[in-house]
Structures are given as structure tokens and as C-alpha cells.
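Inside the fold
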Amino acid sequence: MEKQRFQTISRQTPRLESVQKAIGAGTYTDDLRMPDMAYAELIRCPYSHARVIAIDASQAEKIPGFLGIATPEDAPQVFYNCSGNPPSALLMKDERVLTSEPRTVGDRVAVVAAETRQAAHACAEAVRVQYEQLPVTLDVAAALSERAEPVQPQIAPEDNIAQRREVSQGSVEAGEAASDVIVEDHFLTPPMQHTMIELTGCIVDFSDGEHMTIYSCSQTVFQERRILAEIFGIRESDLRIIKPLVGAGFGARQQLHGQPAAALISRKIGRPVKLIYTREEEFYSVVRHASDVKLRIGASRDGTLRLFETTYCLNAGPYTTHTPTVVAAAARKLQYRVPNYSFTGLSVFTNHVTGGAFRGYGNTQLTFGREILIDRLADALGMDPVELRLKNHVQVGECFPCASIPVSSNGIADCVKRCREFQHSIDEKEPLVDNDELRQAWGIAFSCHGSGPSSKEGLSSAIVLLNDDATVQVLVGSADIGQGSETMEAQIAAETLGIPLQNVRIRAADTMLTPYDTGTFGSSQTFICGNAVRRAALDLKAKLLAQLEKIYPEAEISEEAGRYTVRTAGQTLCMDFAQATHKVMFDVHGGVIIGSATYKAEACPNPFSVCFVKAEYHKKLNAIRLMDIIEVVDIGTPINRLTVTGQLEGGIAQGVGYALYERLEINGRSKRTLSTDFLHYRIPQMGDMPRTYVDMVDSADPYGAFGAKSVGELATVPVAPAIVNAVRHAAQTEVTSLPLCDKFVILPAERRCVK
């Protein structure tokens, strides 16, 4: 198939806001200020479970600048779910703005306001809260034991299971009977913090108690507007949320954070307030779910998969938030043909830090154990682990287990081919070593994800306004949180209209001025919002042609590559986009052209990834070092190759941290978090990263704008299991849990170039 040629997309294009950020001129939430603005700070519970006996603010009231305090009695007496997902029966409401029975470390007990940030902190420190400590359950196994106390008695009074999800096809018994080899194990993954560069924060003006304006680092402005309107009993049209620049999200901002408490204290003192988290608050606000996963995979002697069975448990913490939808998403991510498939997913309440959305959304935890077992199965069958995966991989026209829409594009074989080219080049210059001191080995993993929510509930809309100078203004409700989606949406508009990218301006994520979008989650921006933008641009183009037909009623009018041709019996007139715009705008029969469109997900095309990792094991030190990581992806048509490369490199870094040393730690005796800053929570730095090689294969999906699929979450998913598979071959020992620093000394990477 001939490769399609593009003018604007599928190129290495710098982001629209990159210079603004590089010179320090970008405006983030904490850079903003409202007239007469005060500062707020939360009083949080230091215990994992307690009951508030009394709150004494008498000393806080004496501090200069004190403006007020709100306690649980002042807050709306309603429950809500902070998840930034559309309404769903899965998302039970069990959280309050402020609580008198905190169920985890950092639960919100009260909020104070003062004239300055320093005064607000001093006031919060001066508030004295008397607590009665209550029994604590921190992990899934303890929560499911018969002696466990219910964490949420009104929802799960007997077993701490918030929700159970069962998905199956075929039968386990048939799979067992058809399998000559069955491998099984029990896998544990830790809670992981998002560690965004920008601290979470908001500015809220609810001073009149009727109209609310919010500036916040949000991924889901329209969902948050809906939830806040329900909490405070106001109309959504009286509530405006504006997203400034955002310093990353990774899922942490796919939910309400401090906005309800800030709104409460703003209303009480009659002034707008700014509330910015500390780094310590970030660590106990939300984490990737810790998982407890039991897996069985069976195959016949020829390597055909016959059985996949899992019991998949996620540690929800004390509130439902995203957990049931994370479990549901994981059930839809098996990219291998398996006739007998059984998935039992449990959302389990504990007193751990609340689990929420995180890049990978449940896929990361399940893929970890699955890809390790696939490798073990290959060993047991005497097969090449790559060939075993390719043999059983779904193909175009086939469905994932328990899925209803067939796979629409698949470049996994090309991903493998490109990875092997990288691998061959590396090994040719640095052959694998196996001696008395160390042993080197390669490990691999495959992964997939979705483009938009796997439930196909993604919905977006776009408006494209044509200006008389032939520039266009694109309005979208989606939130760019640092991944570059606004640049890619502008590229799609430019490509569709046949105009230069510099002639496109974009405004996004302002609930008063931009149209509805489900939200920035589920790797949906390029696919869901991108389709809306393309349709809106096509609508503008169609209306431009229709207007030209009114101006030239006797002519035949056509458009190709941004040039408009008017043919009459006597002559042919050719116009570029600017000339056509001028004619339409200023002719006596002209008009204003506005394109608009909505896109509701018709499918959830799967992008695919292959990851190869080279690691070495130092036998006398019981130490490991990562040498090389290769990741090649099938994401359909890459809209912006520079941005995709950045997503892959960043996703790999996050996967390295997950595999080697990242874990939110809680002291077993005090039940308090030990991970409170970057001295006590290790994330990879540039010098920690091994040599990294990334690429994307040529592909195109029929559902995507210009054939595009997603990449954002996919990039992280295969990295940890590929690292573990390399380590298990090098160290010749099995690994079933993360992080690897529990079992090995981690040596710094050697970033020298391959000679």
C-alpha cells in the first residue's frame, strides 16, 4: 500500500507552547491571581483511620491574617465520587468534602483561609484536632480476611469488596483439559505516585455562593463542573472551570482534588481563594493501585493458548473513586487469542492511600504478570518467546477475548521486526556476556491499550471559526496537560483545510467558551478529539464550498489540497484558501463560516507495543543494571512524530521507575506515609536511564483521524515486565513482585554510546 503523503501531520513539529514554556513565560495555576484573593490550606488527618472528637481553632484565630475555618459541619452533607469519569453505576458516591471520620492518611478534616500563604500555613498548623484512632487495614489480603473490619460499612458491610466484576468466555475446565502445559503464579505490584512537576492546585471564587469560577490543573473540566454543581446545589451554567497550562497529570488530575474544600471556604469568607498542595500532600492524595493478581495460562504442545484465568484485585483505598472502572478496563486488554478466558476483578476497600487513575489504567498491573507468565510458558514449551506471542496474537478482523468490535489495524509483526533490528545492531557491537562476574540477557514484553475509554463512552466536539484573514480559531473542550494534544489538534485542522499550521489558533478546556469533551483520559485526545476536530474542519470546508456556490450559481466548484476551482463555460478561476475566504467574507452574497462537529466513539482501536530490554546481573553483588531499552509501537498514523517520541521516552522512564524502585511506603507501626518528598521516594533521573531506542511503524487505522491511534498510556505498559524478563534470564531466578530493589542491588546505568 502506497504511503500517504501529508503536509502538516506525521512530521516532527515543535509544540505550539514550547517557546513560552522554555523561557518561563507559561502561565500555570499558581502563577494566577484574582482580585482580593486569599489563601487556603487543608487540615489533614495524620492517621490511616480515626474519628474526629473535637476541632479547636482558637489559637489559629489569633494569628494575624486569619480569615476563617470550615469544618465538617459547615460542608454540604452529601456524598460524591471525585472520579472525572462520566456518570456510571460503577462509581459509587462515598466521599465527603470534609470528614469527621477520616479513613486514610491525609483525609480532609478542615480548611482554613488567611491573607497570605504563610499565614494560611501557620493557621493550619495552629488548629488542634483531637482524634480517636481506629483499626487500620492497609492491604488487599488483610482486607479480605474474615477478621477484617469494614472500611465502608454502608457499601461493603461484610467483605470490603466494593465491587466484583466477572467476565468470561468458554470455560476454565475446557481450557484445562485442552492444555498440555499450565503455568501459574501470584503477582504483587506496589502503589506508585504520579510525581507531576507541577503541584496540584486551584483558585476558586465562590464568594457570592451562587456563581463559581475555578482555575485548576484539571484533566476533566466538564465532569468536575457537573460534580461540583451537584455538591453545592447550583446550576452547571453558573459554574465555570478554566484550565491554564498544566505541568503533567498522568491520571492524578482526572478527579476533583482540593476544589470542593476551596469552594467551601471561599463561600464562607466571601472571597476567592488559592489552594496549592505541598509535595507531601501530593504523595498521599492519590496513587496507582497496588495489585494482588493470581494468574494461570495454559497452552497445547504446539504453543496454542487454551486458557487464561485471573483473579485481579486492586487496592482501592477507602473510597471507590476510579477503582471499578480501572478493573473493568483491565478486563478488556488481552491481545492474545484464548478460547477459554476467565477474569474475576475485585475492587477492595482498605485504609491505604486512595487508588485512582494512572497512566495504563489497570492494564499495567495485569500485563506485568501476564507477560512474565508468557515467557515462562515459552520456556516450558521450548519455544522462542517472541514467536509464541506472535503465534497467538489477535489479527485484523479478530476480537480480543470477550470483546465485541474486531481489531481494525495491527502492526505488531512490524514492531517485532524493528525491535530485532535494534537488538541486532546492539549485540553486533556489544555481544552478550556470561562469565564468572556477570551475565547479560534480553527480555521482551508485548502490550496493547485503547484509543479512548475501552467502554467507548468517549465524546468530544469542536468548533472551527474562519477569520477574514484566512486564519482559523479551533475551540475544543479537551485538556492539554502537557502531552501536546493542542498542537496535534491544530495539526489535524491545518492538514484538513490545507493551510499552514501557523494559521491555526486553538483554545481549549474552558467550560464557558469551549464545547463539551468527556475529558483527557483513556488516551483519547488524538483519537476522540482529533476526530471531532477533523469533522469540524471538513464541515467548515463544506460550508465554504456551499457559500462559493451561492456566489457562483452557474459554476462547477471543487476543492483539492486547499485550492478552490471555479469552472464556468467560459473560464476557470483558481483560488487558494485565503482568496476563497476573502471572496466568501466580503462578497455581497457572502457570509461567516463556522464549522462544527461532534464525535462519539465508534470503536476503541488498539495500539500495540513491543519492548526489548537488555540487563546484566552481577553474580557476586546480587546486583542488576539496565543496559538498553527498545520500544517500537504501532499507533496508526503518528500525528506529531516529535511528540510521540517524547511520549515513548517518558513512558519508558516511568516504567523503569515502576520496575526498579518506585513505591509509596507506609510505616507498618505508625501507619503513616514514609514517602513524603523526593528524598524518600526515588524516581528515575536522566543519569539513571539506560540507552533508549524508540520508533513507530507505518500503519493506519480506519477509525482514526488520518489513521491515528493512541500512544500516551501504551508507552509505559510493557516496560516493567520486559525488564523483569531480562532480569529473570540474567539472574536465573523468578520474580513475582515489584519493585526489584527489594530483591537486588540496583546499579546505575551506563549511558555510553554503543561502539
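What counts and how
All residue numbers here refer to positions counted from 1 along the written sequence of the relevant chain. Totals for whole chains, interfaces and linings use every residue, but because this is a predicted model, local features are given only for residues with pLDDT of at least 70 and side-chain atom pairs only at 80 or more, for both listing and counting. Only heavy atoms go into the side-chain values, all of them from the structure, while hydrogens and water stay out. Helix numbering and strand numbering both begin at the N terminus, where a helix is a DSSP run of H or I of at least 4 residues and a strand a DSSP run of E of at least 2. Multiplying 1.5 Å by the helix residue count minus one yields the expected span of that helix. Here the term buried applies to any residue with accessible area under 20% of the maximum for its type, exposed to any over 50%, and partly exposed to those in between, with areas from a 1.4 Å probe on protein chains only. Lines fitted to C-alpha atoms define the axes, with helix axes restricted to the stretch in contact, and inter-axis angles between N-to-C directions lie between 0 and 180 degrees. Geometric relationships in this document are graded by angle, where less than 35 degrees denotes roughly parallel, more than 145 denotes roughly antiparallel, 65 to 115 denotes roughly perpendicular, and other angles denote oblique. For any helix crossing, the convention is left-handed if the near helix is rotated counterclockwise from the far helix by under a right angle, and right-handed if that rotation is clockwise. For this analysis, residues touch if any pair of their heavy atoms sits within 4.5 Å. We call two strands paired when DSSP finds no fewer than two bridges between them. By the criterion used throughout, a crossover qualifies as right-handed when its path from the first strand across the helix to the second strand runs clockwise, the strands pointing away from the viewer. One side-chain nitrogen of Lys or Arg within 4 Å of one carboxyl oxygen of Asp or Glu is enough to make a salt bridge.

Some thoughts on helix H13 (residues 485-497)
Given a rise of 1.5 Å per residue, 13 residues ought to cover 18 Å, and the 18 Å separating the end C-alpha atoms of H13 matches this to within 8%. In terms of residue burial, H13 counts as a mostly covered element, since 13 of its 13 residues are buried. Residue Gly498 follows H13 closely and has a positive phi angle near 75°.

Structural notes on the packing of helix H6 (residues 221-232) against helix H7 (residues 259-269)
Between H6 and H7, the least distance of the axes is 11 Å, while the angle of their chain directions is 45°. The angle between H6 and H7 places the two elements in the oblique class. The two elements H6 and H7 meet at a crossing, and its hand is right-handed. Across from Glu224, Leu228, Ile231 and Phe232 in H6, the residues of H7 making contact are Gln259, Pro260, Ala263, Leu264 and Arg267.

As for the pairing of strand S26 (residues 623-634)
Within S26, 12 of the 12 residues are buried, which leaves it mostly tucked inside the rest of the structure. Bridge analysis of strand S25 (residues 608-618) against S26 gives 11 bridges, and the strand direction is antiparallel. Bridge pairing links Lys614 to Asp628 in S26. Hairpin connection between S25 and S26: a loop of four residues separates the two successive antiparallel strands, and Asn622 in this loop has a positive phi of roughly 50°. The sheet contact formed by S26 and strand S27 (residues 691-696) spans six bridges and is parallel. The residue bridging Ile629 from the neighbouring strand is Thr692, located in S27. Between the parallel elements S26 and S27, the chain passes through helix H16 (residues 641-660) in a crossover that is right-handed.

Here we look at the sheet that holds strand S7 (residues 181-189)
If you trace the five strands from one edge of the open sheet to the other, you get S6-S15-S14-S13-S7, paired in mixed fashion. Two strands in the sheet have a free side with no partner beyond their single neighbour: strand S6 (161-169) and S7. Ignoring strand direction, the axes of neighbouring strands in this sheet form an average angle of 5°. One ladder, built from nine bridges, connects S7 with strand S13 (residues 291-299); its direction is antiparallel. Across the sheet, residue Leu188 finds its bridge partner in S13, namely Asp292. Relative to strand S15 (residues 340-349), helix H9 (residues 323-330) is tilted by about 165°, and along the sheet it contacts S6, strand S14 (305-317) and S15.

Remarks on the side chain of Ser83
With respect to the secondary-structure elements, Ser83 resides in the loop between strand S3 (66-70) and strand S4 (108-114). Not counting residues up to four positions away in its chain, the partners in contact with Ser83 are Leu91, Ile227, Gln254, Gln255, Thr321 and His322.

Side note on the pattern of salt bridges
Under the defined criterion, the tally for this structure stands at 51 salt bridges. For Glu437, the salt bridge identified is with Lys620, shortest N-O distance 3.2 Å. Separated by 183 residues along the polypeptide, Glu437 in the loop between helix H12 (412-429) and strand S17 (438-448) and Lys620 in the loop between S25 and S26 bring together distant segments of the chain. Here Glu437 falls in the partly exposed class, since its relative accessible area comes to 43%. Looking at Lys620, the relative accessible area reads 67%, which means it is exposed. With its nearest N and O atoms 3.4 Å apart, the salt bridge here joins Arg507 to Asp510. Relative accessible area serves as the criterion here: at 37%, Arg507 is assigned to the partly exposed category.

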